[in-house]
Amino acid sequence: MSQYPVPVPALDDAATPPGTLWSRMRADPQYAPEHLALEAVRRLGPEAAGWAARARADHPDLTPDELATLAVKNFTALARLSGALSGVAGLPGAVLDVGVLAWTQARMVLHVAAAYGADPAAPERATDLLVLQRVHRVAETARTALGVAAGRERASRIFTGAAGGPLGGALVKLGVKLAQMAGVRAARKVFAKLVPGAGVVLGTWVNSAATKDLARRAREHYRNG
């Protein structure tokens, strides 16, 4: 089947992390992947559930594998573009690129989960994201880190304004953590971005390869789950 039955808009409001998430991640870069995973499940889980329900209603002959394939194709194509869309140079642009890529990949995993019948809005999907994106090796440590990040998120609403260290250092730390989550080597991504024209070419290839590798793991996980 060549056409996505219920398209997910490529450049809608859900295509990039919301500003409130960027603020949390910049203030707490050590737990950036956990903050991203929690926000992705909150914001993107219902979207993925709705997409899968509409797809099954409109195309009842689709198998879970076929539905997952459609989602993977859609978001792999979007991942190829993520490094070329920001138009921001230097270190901030590199951080933005890997953040958008990690968000796009999380969106894909949640759609794959929905394709195989798992609830993409369930809290345990955040644990799945961190393990599948190789931020944590096992679910137990992922759940612990999510609990810490959620507690820090709640605390940040009470105690504000504590940005640890210079902005440049925080951006580098944030970029490294997001690159880890997105399956991209931080040094290659960040320094290639500083060379005019190099970031887009390298980004397209690296983004696609990392996303396809994640898609394979996600499909195996939810198919066998």
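Going along each chain's sequence as written, the residues are numbered from 1 onward. Given that this is a predicted model, residues contribute local features only at a pLDDT of at least 70 and side-chain atom pairs are listed and counted only at 80 or more, while totals for whole chains, interfaces and linings are drawn from all residues. The basis for every side-chain value is the complete set of non-hydrogen atoms in the structure, without hydrogens or water.

- Under an unreviewed UniProt entry, the name given to the protein chain is EcsC family protein, and the source organism is Actinoplanes oblitus.

### Description of the nonpolar core
Here is step 1 of the chain: Within the largest apolar cluster, 61 residues are counted, with the highest numbers of intra-cluster contacts made by Met25, Leu36, Met108, Val109, Val112 and Leu178.
Here is step 2 of the chain: Secondary structure elements are taken from DSSP: a helix is a run of H or I of four residues or more, a strand is a run of E of two residues or more, and numbering for both begins at the N terminus. Those elements that place two or more of their residues in this core are helix H1 (19-27), helix H2 (32-58), helix H3 (64-85), helix H4 (90-115), helix H5 (124-132), helix H6 (139-156), helix H7 (167-182) and helix H9 (198-224).
Here is step 3 of the chain: Ranked by the residues each element gives to this core, the list is headed by H4, at 13 residues.
Here is step 4 of the chain: When neighbours within four sequence positions are excluded, Val109 is seen to be in contact with Leu129, Leu132, Leu214, Ala218 and Tyr222. In this text, buried Ala, Val, Leu, Ile, Met, Phe, Trp, Tyr and Cys residues form a nonpolar core when linked through side-chain atoms within 4.5 Å. For every residue, the accessible area obtained with a 1.4 Å probe (protein chains only) is divided by the maximum for its type, and the residue is called buried under 20%, exposed over 50%, and partly exposed between those limits. Only heavy atoms matter for contacts: two residues are in contact if any of them lie within 4.5 Å across the pair.

### Re the environment of His221
Here is step 1 of the chain: Note on placement: His221 falls in helix H9.
Here is step 2 of the chain: For His221, a relative accessible area of 37% gives the class partly exposed.
Here is step 3 of the chain: Spatially, the C-alpha atoms of His221 and Asp128 are 9.0 Å apart, while their sequence positions differ by 93 residues.
Here is step 4 of the chain: With residues up to four places along the chain from it excluded, the contact list for His221 reads Asp128 and Leu132.

### Observations concerning the side chain of His35
Here is step 1 of the chain: Tracing the chain through its elements places His35 in helix H2.
Here is step 2 of the chain: The contact partners of His35, leaving out residues within four places of it in the chain, are Leu21, Arg24, Met25, Asp28, Ala149 and Glu153.

### Let's talk about unusual backbone geometry
What is expected of a backbone is that most residues other than glycine have negative phi and most peptide bonds are trans.
Here is step 1 of the chain: Positive phi, normally seen in glycine, also occurs at Arg134, with a value near 60°.
Here is step 2 of the chain: Position of Arg134 among the secondary structure elements: in the loop between H5 and H6.

### Details of the pattern of salt bridges
Here is step 1 of the chain: We define a salt bridge as a side-chain nitrogen of Lys or Arg found within 4 Å of a carboxyl oxygen belonging to Asp or Glu. Counted according to the given criterion, the structure contains 12 salt bridges.
Here is step 2 of the chain: A salt bridge links Glu140 to Arg143, with the nearest nitrogen and oxygen atoms 3.3 Å apart. Of the two residues, Glu140 and Arg143 are both situated in helix H6; the distance of 3 residues between them amounts to about one turn of the helix.
Here is step 3 of the chain: A relative accessible area of 44% places Arg143 in the partly exposed class.
Here is step 4 of the chain: A network of salt bridges, in which partner residues are shared, links Arg134, Asp213, Arg216, Arg217 and Glu220.

### What about the environment of Leu62?
Here is step 1 of the chain: Mapped onto the secondary structure, Leu62 falls in the loop between H2 and H3.
Here is step 2 of the chain: A sequence separation of 53 residues divides Leu62 from Ala115, and the C-alpha atoms of the two residues are 9.8 Å apart.

### Thoughts on H4
Owing to its 3.6 residues per turn, the α-helix brings residues three or four apart onto one side.
Here is step 1 of the chain: The span you would expect from a helix comes to 1.5 Å times its residue count less one. Counted at 1.5 Å a residue, the expected span for H4 with its 26 residues is 38 Å, and the 38 Å between its end C-alpha atoms agrees.
Here is step 2 of the chain: Extensive coverage of H4 is indicated by the burial of 23 of its 26 residues.
Here is step 3 of the chain: Once H4 finishes, Gly117 follows within two positions and takes phi at roughly 90°, a positive value.

### Remarks on the side chain of Arg125
Here is step 1 of the chain: Within the fold, Arg125 resides in helix H5.
Here is step 2 of the chain: When its relative accessible area of 10% is taken as the criterion, Arg125 is described as buried.
Here is step 3 of the chain: Pairing of N or O atoms within 3.5 Å defines a polar contact, subject to two protein rules: one partner must be a possible hydrogen donor and the other a possible acceptor, and residues neighboring in sequence count only if both atoms are side-chain atoms. At 3.5 Å, the side chain of Arg125 and the side chain of Tyr222 are in polar contact.
Here is step 4 of the chain: Dropping the residues within four chain positions of it, Arg125 is found in contact with Val41, Leu110, Ala113, Ala118, Asp119, Pro120 and Tyr222.

### A few points about the confidence of the model for the protein chain
Reading fine detail from the predicted coordinates is not recommended where pLDDT is low.
Here is step 1 of the chain: Each residue carries a pLDDT score, the predictor's confidence in it, ranging from 0 to 100. Looking at the protein chain as a whole, the pLDDT averages 82, with 76% of positions reaching at least 70.
Here is step 2 of the chain: Looking at the elements of the protein chain, mean pLDDT is at its lowest for helix H8 (residues 186-193), recorded as 54, and at its highest for H5, recorded as 98.
Here is step 3 of the chain: Across residues 158-166 the pLDDT falls below 50, and counting only partners more than four positions away or on other chains, this stretch makes 1 contact in the model.

### Here we look at the environment of Thr127
Here is step 1 of the chain: In this fold, Thr127 is placed in helix H5.
Here is step 2 of the chain: Separated by 18 residues in sequence, Thr127 and Ala145 have C-alpha atoms that sit 9.2 Å apart.
Here is step 3 of the chain: Other than its neighbours up to four places away in sequence, Thr127 contacts Ala139, Ala142, Arg143 and Leu146.

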